[in-house]
Amino acid sequence: MIDLRSDTVTKPTPAMLQAMMTAAVGDDVFHEDPTVQKLENYLAELFGQEAGLFCPSGTMCNQIAMKVHTQPMDEIICDKLSHVYYYETGGYAFNSGCSIRLIDGDRGRITAQQILDNIQADYDWLPVSKLVVVENTCNKGGGAIYAIEELQKISAVCREKGLKLHLDGARMFNALVASQTNAKDYHNLFDSISICLSKGLGAPIGSVLLGDKAFIKRARKVRKAFGGGMRQVGLLAAAGLYALKNNVERLEEDHANAWFLAEELNKLPYVSSVIPPETNIVIFDVASSVNPVDLIAYLEKYGIRVVQFGPKSIRMVTHLDVNREQLEEVVRCMEGF
Ligand SMILES: *Cc1c(COP(=O)(O)O)cnc(C)c1O
């Protein structure tokens, strides 16, 4: 099986399992799990935030952040392709009672000027613009990376206009590695950050929400209300720490593999366009004569899994459980379709 549906499909390696089995643990609802605290502190320090909060999923991190930053009747500004809009079951409305202002950005990236243009005026009948969410890298934009200069401008605009700024950094490490920037460069830009350990980093579960102490104190309460207070989860945090130590630099391989795939896909007569990958996500369109469902079923017969990502689009994601030889096999197989 060559599973390119997502970078979430990776399995823990024996070394990661070993780290998990030997982790020191305690009841984290009582603040007594040393491994969870180590993970939270490590990421907080790395990204220049005061504190962290280990959560079961990236969705929970984003939902908690939106809940803490807003009141009902507030409005969240984000790109129309954002995960918080597309893939979190409308949780911003369900959990936070907010409306959402969708911006027509470039591959999921919005600009400081677009934010300025979309701040609501102060009338009784309008929602209150309160929070901006940026996604780096943007999944639905084909793993697109923000230029740090734009994030700096966005941060300045949010501060000037009294808006909170949340970074959905599910794949922030892909962005750091591919853009050759350092986590330090992003200090002081965001009010909160969500980092996924279960994507390209290869941990089986876990995300960490970062912010200042007051934010994280409130976030802990919201996490409990959402049912996300966990007990001896140092076992899981240990997988995250292992991933951060061992699986960050190698993301470069995933990016090179995505470039390889894109180059080969471009040569196939039935592929009409490929979004040039910036990290580990390859999204391509098939020609009008081809039904993507047929291509997906054909690949499945050869043990290759991909997902449909739009009426004519298919997504492939590279990760630590697929190597170059396997991708060459994918290409050979696709040539036979
Ligand atoms: C995967 C992902 C999340 C969170 O996903 P979970 O499956 O809930 O961990 C959030 N944002 C982006 C951009 C993602 O790709």
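Scoring rules and cut-offs
Residues numbered from 1 in each chain as written. Predicted model: local features only at pLDDT ≥ 70, side-chain atom pairs only at ≥ 80, totals over all residues. Heavy atoms only, no water. Helix = DSSP H or I, 4+ residues; strand = E, 2+ residues; numbered from the N terminus. Rg over C-alpha atoms; globule rule 2.2 N^0.38 Å. Buried < 20%, exposed > 50% of the residue type's maximum accessible area, 1.4 Å probe, protein only. Contact = heavy atoms within 4.5 Å. Areas by Shrake-Rupley, 256 points an atom, 1.4 Å probe, with all protein chains shown as cover. Lys, Arg positive; Asp, Glu negative; His and termini not counted. Charge placed at Lys NZ, Arg CZ, Asp CG, Glu CD. Expected span 1.5 Å × (residues − 1). Polar contact = N/O pair within 3.5 Å; in protein donor to acceptor, adjacent residues only side chain to side chain. Pairing = 2+ DSSP bridges. Phe/Tyr/Trp six-rings, centres within 6.5 Å; stacked < 30°, edge-to-face > 60°. Lys NZ or Arg CZ within 6 Å of the ring centre and 35° of its normal. Domains from an automatic or database assignment. Buried area = accessible area lost by both parts, 1.4 Å probe. Salt bridge = Lys/Arg side-chain N within 4 Å of Asp/Glu carboxyl O. Nonpolar A, V, L, I, M, F, W, Y, C, P; charged D, E, K, R; others polar. Axes fitted to C-alpha atoms, helices over the stretch in contact; angles between N-to-C directions. Parallel < 35°, antiparallel > 145°, perpendicular 65-115°, else oblique.

This part covers the overall build of the protein chain. When helices and strands are tallied, the protein chain shows 13 helices and 13 strands. Taken against the 2.2 N^0.38 rule, which gives 20 Å for 337 residues, the C-alpha radius of gyration of the protein chain at 20 Å falls within 12% of a compact globule. The C-alpha extent of the protein chain, read off along each of the three principal axes, is 55 × 55 × 35 Å. Counting all 337 residues of the protein chain, 56% fall into the buried class. Sequence separation of at least 24 residues holds for 75% of the intrachain contacts in the protein chain that already meet a minimum separation of 6. Counting every atom, the protein chain has about 14700 Å² of accessible surface; 52% of that belongs to carbon and sulfur. Between the centroid of the 34 positive side chains of the protein chain and the centroid of its 41 negative side chains there is a distance of 5 Å.

The α-helix advances 3.6 residues per turn, and as a result positions three or four apart in sequence lie on the same side. The end-to-end C-alpha separation of helix H2 (residues 34-46) is 18 Å, in line with the 18 Å expected for 13 residues at 1.5 Å each. Among the residues of H2, those classed as buried are Thr35, Val36, Leu39, Glu40, Leu43 and Ala44. Measuring from the backbone nitrogen of threonine 35 back to the side-chain oxygen at the start of H2 gives 3.0 Å, which picks out aspartate 33 as the cap. In the segment just after H2, glycine 48 is the residue with positive phi, at about 70°.

To continue, consider the pairing of strand E13 (residues 313-317). Extensive coverage of E13 is indicated by the burial of five of its five residues. In E13, alternate side chains face the same way, and those of Ser313, Arg315 and Val317 on one face and Ile314 and Met316 on the other are all buried. In terms of strand pairing, strand E10 (residues 281-286) meets E13 through five bridges, oriented antiparallel. Residue pairing across strands places aspartate 285 opposite serine 313, the latter belonging to E13.

Time to look at the packing of aromatic side chains. Scanning all chains against the criterion turns up seven aromatic pairs. Ring geometry for tyrosine 123 versus tryptophan 125: centroids 4.8 Å apart, planes at 5°, classification stacked. Members of the aromatic cluster, each reached through a chain of ring pairs, are Tyr270, Tyr298, Tyr302 and Phe337. Residue placement shows lysine 140 over the ring face of tyrosine 86; its charged tip is 4.6 Å from the ring centre.

Glancing now at unusual backbone geometry. Along the chain, asparagine 136 connects to threonine 137 via a cis peptide bond; the corresponding omega equals 0°. Position of threonine 137 relative to the elements: it lies in the loop between strand E5 (128-135) and helix H7 (148-161). Despite not being glycine, threonine 89 shows a phi value in the positive range, around 50°. Among the structural elements, threonine 89 can be located in the loop between helix H4 (83-86) and helix H5 (91-96). Accessibility expressed as a relative area gives 79% for threonine 89, which makes it exposed. The residue arginine 107 is not glycine, and still its phi comes out positive at about 50°. Looking at the secondary structure, you find arginine 107 in the loop between strand E4 (99-103) and helix H6 (112-117).

Per the domain assignment, the segments making up the protein chain are domain 1 (14-246) and domain 2 (250-335). One C-alpha centre belongs to domain 1, the other to domain 2; they are set 28 Å apart. With 21 residues of domain 1 at the interface, the matching set in domain 2 holds 15 residues. Both sides of the domain 1 and domain 2 interface together cover about 1400 Å² of buried area, and 54% of this is carbon and sulfur. When the area that domain 1 buries against domain 2 is broken down by residue, the three leading residues are Arg107, Asn174 and Gly200, summing to 30%. There are two salt bridges connecting domain 1 and domain 2. Residue arginine 107 pairs with glutamate 278 through a salt bridge whose shortest N-O separation is 3.8 Å. On the surface where domain 1 and domain 2 come into contact, there are seven residue pairs in polar contact (both at pLDDT 80 or more). The element that contributes the greatest number of residues to the side of domain 1 that touches domain 2 is helix H8 (residues 172-179), accounting for five residues. Classifying every residue of the side of domain 1 that touches domain 2 gives eight nonpolar, nine polar and four charged.

Our focus in this paragraph is the pairing of strand E3 (residues 74-79). Most of E3 sits out of view: six of its six residues are buried. The pairing of E3 with E5 spans four bridges and is parallel. Bridge pairing in E5 links isoleucine 76 to leucine 131. Two elements, E3 and E4, share five bridges in a ladder whose sense is parallel. Residue pairing across strands places isoleucine 76 opposite isoleucine 100, the latter belonging to E4.

One way to put it is that H8 packs onto helix H11 (residues 251-266) with a least axis distance of 9 Å and a crossing angle of 80°. Overall, the two elements H8 and H11 adopt an arrangement that is roughly perpendicular. Here Phe173, Asn174, Val177 and Ala178 of H8 come into contact with H11, specifically with Leu251, Glu252 and His255. Partitioning the contact of H8 with H11 into residue classes produces four nonpolar, two polar and one charged.

Turning to the sheet that holds strand E9 (residues 271-274), a few remarks are in order. Whether parallel or antiparallel, the strands of a sheet pair through hydrogen bonds between backbone atoms. A sheet is described by the order of its strands in space; here four strands give the open sequence E9-E10-E13-E12, paired in antiparallel fashion. Only two strands of the sheet have a single neighbouring strand rather than two, namely E9 and strand E12 (307-308).

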